[in-house]
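Listed below are the residues making up each chain.
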Amino acid sequence: MLGLILIYWLGKKFYKLAEEYNKSQWGYAILGIVVYYAVSIIFATVILIIIESFSNTLNDYILGLIAMPFGLLGCYLLYKYLEKTWEHKNPINDSLIDQIGKTEI
């Protein structure tokens, strides 16, 4: 159940970000979810190799809980990177641009 809520939340955040900058909403929502799982699997594998070299037992549930923050960190970094990149490429719409050069009376 926690996984479904997490997938929904991640997808919604990336969907709203892409919507704000007029990008493909579903594409970036799926990208956020894929990045979460990819980073989680990579760090779970590294953690599993490190822990298995010292001891022989590790519960899958605990391994998933240990890898979850790394997946969230990967999504957060991607989100901030996309936000910063799109913000720089987005032109500034100034409503007062027509008033440049006019004198105030």
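As shown above, the structure is provided for reference.
Residues numbered from 1 in each chain as written. Predicted model: local features only at pLDDT ≥ 70, side-chain atom pairs only at ≥ 80, totals over all residues. Heavy atoms only, no water.

1. Some remarks on the nonpolar core
Selection rule: Here, nonpolar core means buried Ala, Val, Leu, Ile, Met, Phe, Trp, Tyr and Cys residues that are tied together by side-chain atoms lying within 4.5 Å of each other. Relative accessibility thresholds used throughout: buried, under 20% of the residue-type maximum; exposed, over 50%; partly exposed, between the two (1.4 Å probe, protein chains only). Numbering of helices and strands runs from the N terminus, with a helix taken as a DSSP run of H or I at least four residues long and a strand as a DSSP run of E at least two residues long. Only heavy atoms enter the contact rule, under which two residues are in contact if any of them lie within 4.5 Å.
In this structure, Tyr 36, Cys 75 and Leu 82 are the most contacted members of the largest nonpolar core, which totals 13 residues. Counting residues per element, the ones that place at least two in this core are helix 1 (2–20), helix 2 (25–54) and helix 3 (60–89). It is helix 3 that contributes the most residues to this core, five residues altogether. In contact with Tyr 36, not counting residues within four places along its chain, are Leu 6, Leu 10, Met 68, Gly 71, Leu 72 and Cys 75.

2. Examining the packing of helix 1 against helix 2
For clarity, the threshold we go by: Axis lines are fitted through C-alpha atoms, for helices just across the contact stretch, and the angle between N-to-C directions can take any value from 0 to 180 degrees. For classification purposes, angles smaller than 35 degrees are called roughly parallel, those larger than 145 roughly antiparallel, those between 65 and 115 roughly perpendicular, and all remaining angles oblique. Here a crossing is called left-handed whenever its near helix is offset anticlockwise from the far helix by less than a right angle, and right-handed whenever the offset is clockwise. Lys, Arg, Asp and Glu make up the charged group, whereas Ala, Val, Leu, Ile, Met, Phe, Trp, Tyr, Cys and Pro make up the nonpolar group; the residues left over, Gly among them, are polar.
At their nearest, the axes of helix 1 and helix 2 sit 7 Å apart, and the two run at 135° to each other. Put simply, helix 1 runs oblique to helix 2. Relative to helix 2, the crossing made by helix 1 is right-handed. Mapping the contact onto sequence places Leu 6, Ile 7, Leu 10, Gly 11, Phe 14, Tyr 15, Ala 18 and Glu 19 in helix 1 and Gln 25, Trp 26, Tyr 28, Ala 29, Gly 32, Ile 33, Tyr 36 and Tyr 37 in helix 2. Looking at side-chain class alone, the contact of helix 1 with helix 2 contains twelve nonpolar, three polar and one charged residues.

3. Considerations on the pattern of salt bridges
To keep it simple, the criterion reads: Salt-bridge detection follows one rule: a side-chain nitrogen of Lys or Arg within 4 Å of a carboxyl oxygen of Asp or Glu.
The full count for this structure, using the stated rule, is two salt bridges. Its salt-bridge partner being Glu 19, residue Lys 16 comes within 4.0 Å of it at the nearest N-O pair. Note that Lys 16 and Glu 19 are positioned in helix 1 at a spacing of three residues, about one turn of the helix. The residue Lys 80 makes a salt bridge to Glu 83 at a minimum N-O spacing of 3.2 Å. On the criterion of helical spacing, the pair formed by Lys 80 and Glu 83 is a turn pair, its members being three residues apart in helix 3.

4. What to know about helix 2
Definition in use: An expected span of 1.5 Å times one less than the residue number is assigned to each helix. Any N or O atom pair separated by 3.5 Å or less is treated as a polar contact, with the protein-specific requirement of one donor-capable and one acceptor-capable atom, and with residues adjacent in sequence counted only for side-chain atom pairs.
Given a rise of 1.5 Å per residue, 30 residues ought to cover 44 Å, and the 44 Å separating the end C-alpha atoms of helix 2 matches this to within 8%. The complete set of buried residues in helix 2 reads Ala 29, Gly 32, Val 35, Tyr 36, Val 39, Ser 40, Ala 44 and Ile 47. The secondary structure elements touched by the buried residues of helix 2 are helix 1 and helix 3. If you check the start of helix 2, you find a side-chain oxygen 3.4 Å away from the backbone N of Gly 27, and it comes from Ser 24.

5. Side note on a nonpolar patch on the surface
Operational definition: Each patch is built from salt-bridge-free residues with over 30% relative accessible area, joining like charges within 9 Å and nonpolar side chains (Val, Leu, Ile, Met, Phe, Trp, Tyr) within 5 Å. Per-residue and other accessible areas follow the Shrake-Rupley method at a 1.4 Å probe size, with only the shown protein chains counted as cover for residues.
On the surface, Leu 2, Ile 42, Phe 43, Val 46, Ile 50, Phe 54, Tyr 61, Ile 62, Leu 65, Ile 66 and Phe 70 cluster together to form a nonpolar patch covering roughly 1,100 Å² of accessible area. On the basis of relative accessible area, Phe 54 is assigned to the exposed category, the value being 73%.

Spatial relationships are all this shows, so hold off on functional conclusions.
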